[in-house]
Amino acid sequence: MAKIVQHIQEEISCESSMDISKVADREIDDDGRYKRTGTVWTASSHIITAIVGSGVLSLAWGIAQLGWITGVATLLIFSAISLYTAGLLADCYRAPDSGKRNYSYGEAVKCYLGGNKYKVCELVQFILLTGMLVGYTITTSISMEAIRRSNCFHKEGHGAPCKLSNNQYMIAIGIVEILLSQIPNFHKLSWLSTVAAIMSFSYSGIGMGLAFVKIVSGQAEKTTLTGVEIGLDLTAAEKIWRMFRALGDMTFACAYSPILIEIQNTLRSSPPANKVMKKANVIATFTATTLNMVCGCLGYAALGNHQPGNMLTGFGFYEPFWLIDLANFFIVVHLMGAYQVVAQPVFSSVESRASMMWPNSKFIGHEYPLNISKIKSMFSVNLFRLSWRTIFVVMATVISMALPFFNEVLALLGAIGYWPLTVYFPVEMYIVRKNFKRGSIKWLSLQLLNVVCLLAAMAALCGSIQGLNQAVHTYKPFKFH
């Protein structure tokens, strides 16, 4: 509050003729914090950045496992469920009686459902978001390594042994993310999300273009209504496990609820944040689903039942090599930005709790302004933020190096996070907010949605664990050559 008062005083000294109440009204929101400046477009950009990431690259593989009918229908259904529950969550941003803001997903759960479920929510959210950072690190390193392999294949031929470890790239990514993680909060990330969203459109467009060219040139591979066929190379049991993993990949590509409250907290007070957030959800979900559908369908149509796990790094496409390099460069830039968007709720949760536990600690609370020459910098350093965020990024990088399995990790994350964070908690909070009676038609409908999504998540979890078990037995961790 002292910083807010100081800021207002500076405004008054610069604009002495301005009425104090007008300055305060212009600079302070109803909760005593600085005026929020977010709009439907900045919120949409944040959401698109979070949705259109590593998940889109696995959707063609997912459709290949499920087939045209089941694969497309599953993707549309999960997208529709995500959009619906995101609308429920938007209405839970403010407390039902007091109208007090919930600054994070966890606070909203605590407000509506109580402390025990809040603890479960925090644990699941922490695991999911940390896992997403691991997934982003893996995918980014794969794209960086794919650039090198693409040039190697171009020079040496498609049969050349161009495979090397991704570990050196993961270390480089970790170093960059340590620096970027010092951005204090979401309010400073609009530019990063905008750049990342542009990158997502760019590499998705390149992937769609390469697939389209292969289709119209008559070089497309075989596809089937039921997906990859059981035969000598695929047993019935393995087919089922792959279908379950495909469910996990698709739920991961459609899951973005864990950061929605944090994004909604950046929006202006007027018009009402829940209405603006619902518009942003529609824009972002429609955009992301369109990209997901087109990428997944064109990728499957082009590369068929032998679809690689990652359509741009699995080398279903070799030429033009420079265009593939450009697409992978866009992936790297996008996921570098998406990493920070996803990490902010984790950072904010830990730092808020530390501030409450040790309110007088200079190590935790004091900001040291960075002054470059005689120019006053807008950035500052906090010792706790610097140390704990650095340790966190290092740990995420080490886990990525130990388990660099693209499809299996995505399926596991989708299985862990989709049901509780995208379905269960939003549904339960909305039931409390609207005070639906147990056994009413609305209550039964929402509980049916809960049960169906839980069963899908359990199937995806079984498939991802089976896939990870297979991958771990054939992998040597931390190998650099």
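This report concerns the structure included in the present document. (Residues numbered from 1 in each chain as written. Predicted model: local features only at pLDDT ≥ 70, side-chain atom pairs only at ≥ 80, totals over all residues. Heavy atoms only, no water.)

A few points about the overall build of the chain
Here is step 1: When helices and strands are counted, the chain shows 17 helices and two strands.
Here is step 2: Each of the 481 residues in the chain was classed as buried or not, and the buried ones make up 54%.
Here is step 3: The contacts in the chain between residues at least 6 apart in sequence include a share of 79% that link residues at least 24 apart.
Here is step 4: When the accessible surface of the chain is summed, it comes to about 22000 Å², and 67% of that surface belongs to carbon and sulfur atoms. (Helix = DSSP H or I, 4+ residues; strand = E, 2+ residues; numbered from the N terminus. Buried < 20%, exposed > 50% of the residue type's maximum accessible area, 1.4 Å probe, protein only. Contact = heavy atoms within 4.5 Å. Areas by Shrake-Rupley, 256 points an atom, 1.4 Å probe, with all protein chains shown as cover.)

Focus: the pattern of salt bridges
Here is step 1: Applying the stated criterion across every chain, the model contains seven salt bridges.
Here is step 2: One salt bridge connects Arg353 with Glu122, and the closest N-O pair in it is separated by 2.8 Å. Placement of the pair is Arg353 in helix 13 (residues 321–357) and Glu122 in helix 7 (residues 115–156), with a sequence separation of 231 residues.
Here is step 3: Between Arg242 and Glu238 there is a salt bridge, with its nearest N and O atoms 3.7 Å apart. Of the two residues, Arg242 and Glu238 both sit in helix 10 (residues 236–254), four residues apart, roughly one turn of that helix.
Here is step 4: On the accessibility criterion, Glu238 (15% relative accessible area) is buried. (Salt bridge = Lys/Arg side-chain N within 4 Å of Asp/Glu carboxyl O.)

As for the packing of helix 6 (residues 105–113) against helix 7
Here is step 1: For the pair helix 6 and helix 7, the least separation of the axes is 8 Å and the interaxial angle reads 160°. Comparing their axes, helix 7 and helix 6 come out roughly antiparallel. Helix 6 and helix 7 meet at a crossing whose hand is right-handed. Where helix 6 approaches helix 7, its residues Tyr105, Gly106, Glu107, Val109, Lys110 and Leu113 are matched on the opposing element by Gly115, Lys117, Tyr118, Cys121 and Gln125.
Here is step 2: Class assignment for the residues of the contact of helix 6 with helix 7 results in five nonpolar, three polar and three charged. (Axes fitted to C-alpha atoms, helices over the stretch in contact; angles between N-to-C directions. Parallel < 35°, antiparallel > 145°, perpendicular 65-115°, else oblique. Left-handed = near helix turned anticlockwise from the far one by under 90°. Nonpolar A, V, L, I, M, F, W, Y, C, P; charged D, E, K, R; others polar.)

Concerning the packing of helix 4 (residues 59–66) against helix 12 (residues 273–303)
Between two packed helices, what matters for the description is the angle formed by their axes and the separation of those axes.
Here is step 1: Close contact between helix 4 and helix 12 brings their axes to 7 Å; oriented N to C, the two are set at 60°. Here helix 4 is positioned oblique relative to helix 12, judged by the angle of their axes. Classified by chirality, the crossing of helix 12 by helix 4 is right-handed. Taking contact as the criterion, the partners of Leu59, Ala60, Ile63 and Ala64 in helix 4 are, on helix 12, Asn292, Cys295, Gly296, Cys297, Gly299 and Tyr300.
Here is step 2: For the contact of helix 4 with helix 12, the residue count by class is seven nonpolar, three polar and no charged.

Here we look at a nonpolar patch on the surface
Here is step 1: Taken together, Phe363, Tyr368, Leu383 and Leu386 make up a surface patch of nonpolar side chains, about 340 Å² in accessible area.
Here is step 2: On the secondary structure map, Tyr368 appears in strand 1 (residues 368–372). (Patch = residues over 30% accessible without salt bridge, like charges linked within 9 Å, V, L, I, M, F, W, Y side chains within 5 Å.)

Looking at the nonpolar core
Here is step 1: Membership of the largest hydrophobic core comes to 117 residues, with the highest contact counts inside it found for Ile47, Phe425 and Met429.
Here is step 2: Looking at which element gives the most residues to this core, the answer is helix 13, with 14 residues.
Here is step 3: Sequence-distant contacts of Ile47, that is, excluding residues within four places in its chain, are made with Tyr256, Leu260, Ile263, Met277, Ala280, Asn281 and Ala284. (Core = buried A, V, L, I, M, F, W, Y, C linked by side-chain atoms within 4.5 Å.)

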